[in-house]
Amino acid sequence: MRQQLVPALGIVPLGTANDFATSVNIPTDMANALKLAIAGRDVPVDIAQVNRETCFINMATGGFGTRITTETPEKLKSALGGVSYLIHGLMRMDTLKPDRCEIRGENFSWQGDALVIGIGNGRQAGGGQQLCPEALIDDGLLHLRIFTGEELLPALLNTLASDDGKENLVDSVSPWFEVTASHEMTFNLDGEPLCGTSFRMEILPAALRCRLPPDCPLLR
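Residues numbered from 1 in each chain as written. Predicted model: local features only at pLDDT ≥ 70, side-chain atom pairs only at ≥ 80, totals over all residues. Heavy atoms only, no water.

**Notes on the overall build of the protein chain**
- In terms of helices and strands, the protein chain carries six helices and eleven strands.
- Counting over 220 residues, the protein chain shows a buried share of 47%.
- Intrachain contacts of the protein chain at a sequence separation of at least 6 include 67% that bridge at least 24 residues.
- Only carbon and sulfur atoms are counted for the fraction: they give 52% of the accessible area of the protein chain, which is about 11,700 Å². (Helix = DSSP H or I, 4+ residues; strand = E, 2+ residues; numbered from the N terminus. Buried < 20%, exposed > 50% of the residue type's maximum accessible area, 1.4 Å probe, protein only. Contact = heavy atoms within 4.5 Å. Areas by Shrake-Rupley, 256 points an atom, 1.4 Å probe, with all protein chains shown as cover.)

**A look at the side chain of Asn121**
- As for its placement among the helices and strands, Asn121 is situated in the loop between strand S5 (108–120) and strand S6 (124–125).
- Residue Asn121 is classed as buried on the basis of its relative accessible area, which comes to 0%.
- For Asn121, the side chain forms a polar contact with the main-chain oxygen of Asp46, separated by 2.8 Å. (Polar contact = N/O pair within 3.5 Å; in protein donor to acceptor, adjacent residues only side chain to side chain.)

**Some words on the pattern of salt bridges**
- Tallied over the full model, the rule gives eight salt bridges.
- In this structure, Glu178 engages Arg104 in a salt bridge whose closest nitrogen and oxygen atoms are separated by 2.4 Å. A residue pair is termed long-range when its members are at least 10 positions apart, and Glu178 in strand S10 (residues 176–189) and Arg104 in strand S4 (residues 99–105) qualify at 74 residues.
- Under the relative-accessibility criterion, Arg104 is labelled partly exposed at 35%.
- Across the pair Asp171 and Arg145 runs a salt bridge whose closest N-O atoms are separated by 2.7 Å. One end of the pair, Asp171, is in strand S9 (residues 169–174); the other, Arg145, is in strand S8 (residues 142–148), with 26 residues separating them in the sequence.
- Asp171 gets classed as partly exposed once you look at its relative accessible area, which sits at 37%. (Salt bridge = Lys/Arg side-chain N within 4 Å of Asp/Glu carboxyl O.)

**Section: the environment of Leu212**
- By secondary structure assignment, the location of Leu212 is in the segment after strand S11 (192–211).
- A relative accessible area of 0% means that Leu212 is categorised as buried.
- Through-space distance from the C-alpha of Leu212 to that of Pro44 is 10.0 Å; in sequence the pair is 168 residues apart.
- Every residue in contact with Leu212, bar those within four places of it in the chain, is listed here: Ile11, Val24, Ile26, Leu36, Arg41, Val43, Val45, Ile137 and Leu219.

**Here's the deal with the packing of aromatic side chains**
- Evaluation of the coordinates by the stated rule reveals two aromatic pairs.
- Measuring from centroid to centroid gives 6.1 Å for Phe108 and Phe177, while their planes differ by 85 degrees, and the two rings are edge-to-face. Note that Phe108 is positioned in strand S5 and Phe177 in strand S10, a separation of 69 residues in sequence.
- For Phe108, a relative accessible area of 15% gives the class buried.
- Take Phe177: its relative accessible area is 0%, and that puts it in the buried class.
- With centroids separated by 4.8 Å and ring planes inclined at 65 degrees, the aromatic side chains of Phe187 and Phe199 adopt a geometry described as edge-to-face. One end of the pair, Phe187, is in strand S10; the other, Phe199, is in strand S11, and twelve residues separate them in sequence. (Phe/Tyr/Trp six-rings, centres within 6.5 Å; stacked < 30°, edge-to-face > 60°.)

**Details of the layout of surface pockets**
- In this structure, the second largest pocket encloses a volume near 150 Å³.
- Lining the second largest pocket are twelve residues; nearest its centre among them are Pro133, Glu134, His143, Arg145 and Asp171.
- Of all the secondary-structure elements, those providing two or more residues to the lining of the second largest pocket are S8 and S9.
- Tallied by class, the residues present in the lining of the second largest pocket amount to six nonpolar, two polar and four charged. (1 Å grid on protein atoms, 1.4 Å probe; cavity = no way out; pocket = protein on both sides within 12 Å on 5 of 7 lines; lining within 4 Å. Points joined across faces, edges and corners; volume = space filled by probe spheres on them. Nonpolar A, V, L, I, M, F, W, Y, C, P; charged D, E, K, R; others polar.)

**Description of the pairing of S4**
- The side-chain alternation of S4 yields one buried face, formed by Asp99, Cys101, Ile103 and Gly105, and one unburied face, formed by Arg100, Glu102 and Arg104.
- Relative to S5, S4 runs antiparallel, the two being bridged by seven bridges. Along S5, the bridge assignment pairs Cys101 with Gly112.
- Linking S4 to S5, which pair antiparallel, is a turn of two residues; within it Asn107 sits at a positive phi near 60 degrees.
- Examined bridge by bridge, S4 and S10 share four bridges and lie antiparallel to one another. Residue pairing for S10: Gly105 is matched across the bridge by Phe177. (Pairing = 2+ DSSP bridges.)

Put into structure tokens, the structure is as follows:
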């Protein structure tokens with residue numbers, strides 16, 4: 001019987017911020033990245049499905065971070081890479097408002113004003129921001145982090161000033177999360193925007209094989 005060949009994903013860090021490539025330790029030099037993509041070991045990893053329409057492997061972000069990444073001019077991204085998100089965010093800080101929404105998961109329920117929402121299979125987004133620092137890509141779970149508050153600057157100051165750094169943070173883990181709002185929201189799915197008032201994100205365990213380095217920190 002002929003052995004069935006299973007395609008494997010190889011990653012080359014050619015994006016603006018390269019968040020997923022960085023977090024899984026893909027080599028930054030092109031020669032070694034290509035070598036890994038072609039001949040590296042392939043392992044099963046989870047992906048996340050959204051509304052049974054599309055998928056992401058790294059992270060879905062909503063709120064402040066999403067508006068920054070979707071509105072940052074392409075010329076600025078080309079010139080400055082991930083730093084461009086920070087610069088554009090500082091320029092737009094006075095216009096940023098929270099998203100009032102409800103988020104549910106397995107044994108989890110929250111509603112309120114969300115400035116930043118990160119639902120991660122991976123750990124970082126937006127040019128190196130560790131939104132879900134304990135996420136793994138093969139544990140069958142999504143990690144949630146909500147940065148709460150009615151105004152960005154006071155919420156940020158409260159979080160920085162608190163003893164444990166979690167004054168305005170809500171964290172959870174679940175194999176699925178549902179986000180609903182009375183107004184249209186936008187989630188950034190690994191760089192692709194998706195708009196709507198209701199999002200169901202659920203993990204698909206071991207749905208993809210990916211060529212990753214032996215020291216990948218996102219594997220169990």
